[in-house]
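Summary of structural features
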Amino acid sequence: MIFSFLLFLAFFTAVGISSWLKSQGTKKDYYLASSSIAPWLVGLSAVATNNSGYMFIGLIGYTYIAGLSSIWLMLGWICGDFVASLFVHKRLHKATENNSEVSYAGVLANWYGESRDGLQRLIGVISLLFLLTYAAAQLVAGSKALHVLLSWPIWSGAVVGAVVVALYCLAGGIRASIWTDAAQSVVMIGAMALLLAVAVSSLGGFGGTLDALGQIDGFLNVLPSDLPVPGISGWILFTFGWFVAGASVIGQPHVMVRFMALEHSQKMVQARVWYYTWFVVFWVMANGVGMLSRVYLPEAGSFDAELALPTLAQELLSPFFVGMILAGIFAATMSTADSLLLSCSAAITHDIIPHSLEQPWILKLATVLITSIALLIALANNQSVFSMVIMAWSGLGSAFAPLLIAQSLGRRPSQLLAIIAITLGFTTALLWRHFGLHNMIFEGVAGIAAGLITLYAVPERALSLNVSRSDPD
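The structure contained in this document is the topic of the report that follows. (Residues numbered from 1 in each chain as written. Predicted model: local features only at pLDDT ≥ 70, side-chain atom pairs only at ≥ 80, totals over all residues. Heavy atoms only, no water.)

**Regarding the overall build of the chain**
This is how the line gets drawn: By the criteria applied, helices consist of DSSP H or I runs no shorter than four residues and strands consist of E runs no shorter than two, each listed in order from the N terminus. The quantity called the radius of gyration is restricted to C-alpha atoms. Its globule counterpart is 2.2 Å times the number of residues to the power 0.38. Per-residue accessibility, obtained with a 1.4 Å probe over protein chains only, is compared with the maximum for each type, and a residue is labelled buried under 20%, exposed over 50%, and partly exposed between these values.
Along its length, the chain carries 20 helices and 0 strands. Relative to the 2.2 N^0.38 estimate, which gives 23 Å for 473 residues, the radius of gyration of the chain is 22 Å and therefore close to what a compact globule would have. Each principal axis of the C-alpha atoms in the chain carries an extent, and together these give about 70 × 55 × 40 Å. When each of the 473 residues of the chain is scored for burial, the buried share is 60%.

Pasting the structure below:
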C-alpha cells in the first residue's frame with residue numbers, strides 16, 4: 001500500500017517538476033503559462049481543481065449521511081456552473097487578452113483597460129484571505145486520508161502535501177499545476193471507478209446493491225427529508241441554493257485562471273466539453289461511492305463520515321489498490337491546493353504590492369511563504385473539510401461573481417461602486433452564515449444578490465462617468 005502510494009506521488013511530483021523545461025522565466029509564464037494551454041488540458045485541470053478534497057472527502061461524507069437526496073446538490077451545482085459559463089468564460093478570456101493582465105484580480109479590476117489599483121488591491125486581499133482557508137482545507141483532507149489508511153499522525157499528510165506542492169509550483173508555476181492536474185485527474189477517476197466496481201460486485205451486482213440500499217431507512221428518498229423548510233418549497237430552496245453555489249465558480253480565481261490560460265478564446269467550447277464531461281462522471285461516481293459506503297460502514301456515533309472513502313477502500317481492496325485510492329484522494333487535494341497557493345502568490349506579488357517589486361525570485365518566495373501559512377492553518381483548524389470549503393467558496397463567489405457578471409454583460413461600474421458591491425457581497429454572505437441562515441438556503445444566494453443589486457441600483461449614466469471623475473486612482 002505504501003509502495004503504490006509513494007509511486008503515484010513520485011509520478012505527480014516528476015510531472016510537475018518537468019514543466020520547468022518549458023518555463024520561460026517570465027511573470028506571465030509563471031501566472032498564466034503564457035496563455036498557451038490546450039483545451040483538453042484546461043478542461044481536465046479545471047475539473048481536478050474544482051473537484052478536490054471537497055468531493056473525495058466532504059461530498060462523499062455528505063452523501064453518506066443524506067443518501068440519494070444528495071443528487072440535488074450535484075444537479076444544482078453542475079447546472080449553475082454550466083449556465084454561468086455560457087456568458088462569462090469566453091468574455092473573461094478576451095478581457096485577459098485585451099488588457100494584458102496576468103492575474104484574476106488584475107483582469108477583473110481593469111476590465112476595460114483602465115488602471116484601477118485600489119480595486120485590484122481589494123480583490124487581491126479578499127482572494128488571499130479566502131483562498132488560504134480553502135488551501136488549508138485541502139491539506140486537512142489529505143491528512144485525514146493518510147491518517148486512516150497509513151496510521152500516520154494527523155499532521156503528516158498536510159506536511160507532505162505542502163512540500164510536494166511547493167516543489168513543483170516553484171519549478172513551473174501555473175504550468176506545473178495544470179500538468180499535474182491532468183495526471184491527477186486520470187488517477188482520481190480511475191481510483192473512484194475501481195472502488196465503485198468492486199463495491200457493486202461484492203453486493204451481487206446492481207440488484208443486490210439496490211436491495212442493500214433500500215434496507216437503510218429513508219436512504220433512497222429522492223427529496224431531502226431534513227430541510228428547515230419542509231416539502232416542495234424546501235427542495236426548491238435547497239436546489240436553487242446549490243445552483244447558485246455552482247454559478248459561484250466564476251468567482252473562484254484558482255479555477256477561472258485555467259480558462260484564462262487557454263491558448264485561444266475560440267477554443268473555449270472544446271475546453272468546456274472536456275470540463276463538463278469529466279465533471280459529470282466525477283460527481284456520479286462520488287455520489288455512488290458515498291451511498292455504498294453507508295452499506296459497508298453502518299452509521300455510528302463515533303464514525304467521521306468524511307473518512308468514508310478511505311475506510312471503504314481499506315475494507316474492500318488489496319493493499320496495492322488501497323494505495324492507488326489513497327493516491328487518488330491525495331491527488332485531489334493537491335490538484336486544488338497548488339492552484340490555490342499560486343493564486344495567493346499572485347494576489348500578493350501582482351495585486352497587493354507595487355508592481356515595481358514584482359521580480360521572479362519574489363514570486364517564488366511568496367509561494368513558499370503562502371504554502372507555509374496554509375500549512376499552519378491546516379494544523380490548527382479542526383473544522384470539517386466540507387464546512388471550510390463552502391465558507392471559502394461562498395465568500396469568493398459573493399465578492400467577485402456580481403462584478404464579473406455585470407462587466408460580462410457590458411456594465412461599466414465606477415471603481416467606488418465596484419468596491420462597495422464587492423464589500424457588501426462577501427459581508428452579506430459571512431453574516432448570513434454567522435446567523436445560521438445558510439441552513440435554509442446557501443449564503444451565496446444572499447451575497448451575490450446583494451452585489452448585483454448594488455451594481456444595478458445606480459443609473460447607467462452615473463456608471464459611465466469619465467474615469468478621471470469617478471476613480472481617484
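**Structural notes on the pattern of salt bridges**
Rules: Basic side-chain nitrogens of Lys or Arg form a salt bridge, by our definition, when they fall within 4 Å of a carboxyl oxygen of Asp or Glu.
The final tally for this structure, using the stated rule, is 5 salt bridges. A salt bridge links Asp29 to Arg175; its shortest N-O distance comes to 2.9 Å. Of the two residues, Asp29 is situated in helix H2 (residues 27-32) and Arg175 in helix H8 (residues 156-202); the sequence distance between them amounts to 146 residues. Across the pair, exposure class does not vary: Asp29 and Arg175 are buried alike. Between Arg116 and Glu114 there is a salt bridge whose closest N-O contact spans 3.7 Å. Summarising the burial analysis for this pair, Arg116 and Glu114 share the class buried.

**Remarks on the environment of Leu404**
For clarity, the threshold we go by: Residues are treated as being in contact if the distance between any of their heavy atoms lies within 4.5 Å.
Relative to the helices and strands, Leu404 resides in helix H16 (residues 385-408). By relative accessible area, which is 0% here, Leu404 ends up buried. In this structure, the C-alpha to C-alpha distance between Leu404 and Leu7, residues 397 residues apart in sequence, is 42 Å. Leave out the neighbours within four places in its chain, and Leu404 touches Val88, Leu92, Tyr104, Leu108, Trp111 and Ile250.

**Description of the packing of helix H7 (residues 117-150) against helix H14 (residues 319-352)**
This is how the line gets drawn: Lines fitted to the C-alpha atoms define the axes, with helices restricted to the stretch that makes contact. Angles between their N-to-C directions range from 0 to 180 degrees. When an angle is under 35 degrees it counts as roughly parallel; over 145 it counts as roughly antiparallel; between 65 and 115 it counts as roughly perpendicular; any other value is oblique. Note on convention: near helix rotated counterclockwise from far helix by under a right angle means a left-handed crossing. Clockwise means right-handed. Ten residues, namely Ala, Val, Leu, Ile, Met, Phe, Trp, Tyr, Cys and Pro, are considered nonpolar, four, namely Asp, Glu, Lys and Arg, are considered charged, and the remaining ones, Gly among them, are considered polar.
For the pair H7 and H14, interaxial distance at closest approach is 8 Å and the crossing angle is 160 degrees. Taken together, the axes of H7 and H14 lie roughly antiparallel to each other. Relative to H14, H7 is oriented so that their crossing is left-handed. Taken together, the residues of the contact of H7 with H14 sort by class into 23 nonpolar, 8 polar and 2 charged.

**Considering the packing of helix H5 (residues 71-99) against helix H11 (residues 253-260)**
Where H5 meets H11, the closest approach of the two axes is 9 Å, and the angle between their N-to-C directions is 70 degrees. Put simply, H5 runs roughly perpendicular to H11. Between H5, through Val88, His89, Leu92, His93 and Thr96, and H11, the contact on the second element is made entirely by Met256, Phe259 and Met260. Split into classes, the residues belonging to the contact of H5 with H11 amount to 5 nonpolar, 3 polar and no charged.

**Section: helix H3 (residues 39-50)**
Going by this rule: Between the first and last residue of a helix there are one fewer steps than residues, each counted as 1.5 Å, and that sum is the expected span.
The end-to-end C-alpha distance of H3 is 16 Å, a good match for the 16 Å that 12 residues give at a rise of 1.5 Å each. Within H3, 11 of the 12 residues are buried, which leaves the element mostly enclosed by the surrounding structure. Pro39, Leu41, Val42, Gly43, Leu44, Ser45, Ala46, Val47, Ala48, Thr49 and Asn50 are the residues of H3 that are buried.

**Some words on the packing of aromatic side chains**
Selection rule: For Phe, Tyr and Trp, where Trp contributes only its six-membered ring, two rings pair if their centres lie within 6.5 Å, and the inter-plane angle classes them as stacked under 30 degrees, edge-to-face over 60, or tilted in between. Charge over a ring is defined by NZ of Lys or CZ of Arg lying within 6 Å of the ring centre and within 35 degrees of the ring normal.
The full count for this structure, using the stated rule, is 20 aromatic pairs. Geometrically, the ring pair formed by Phe240 and Phe243 is stacked, given 6.3 Å between the ring centres and 10 degrees between the ring planes. Of this pair, Phe240 and Phe243 both sit in helix H10 (residues 231-247), separated by 3 residues, roughly a single helical turn. Judged by relative accessible area, Phe240 falls into the partly exposed class, the value being 41%. For Phe243, a relative accessible area of 26% translates into the label partly exposed. Grouping aromatic residues by their ring pairs yields a cluster made of Trp77, Phe82, Tyr134, Phe238, Trp242, Phe259, Tyr275, Tyr276, Phe279, Trp283, Trp393 and Phe442. The ring of Tyr64 has Arg294 sitting right over it, with the charged end atom 5.5 Å from the ring centre. Taking NZ or CZ as reference, Arg412 lies 4.6 Å from the ring centre of Tyr112, over its face.

**Regarding H5**
Along an α-helix, a turn takes 3.6 residues, which lines up residues three or four apart on a common side. Over its 29 residues, H5 extends 40 Å from the first C-alpha to the last, a length consistent with the 42 Å expected when each residue adds 1.5 Å. The first or second residue beyond H5 is Ser100, which carries a positive phi of 60 degrees.

**Considering unusual backbone geometry**
Positive phi, close to 55 degrees, is recorded for Ser34, a residue that is not glycine. As for its placement among the helices and strands, Ser34 is situated in the loop between H2 and H3. In this structure, Ser35 takes a positive phi of about 50 degrees despite not being glycine. Under the relative-accessibility criterion, Ser35 is labelled buried at 19%.

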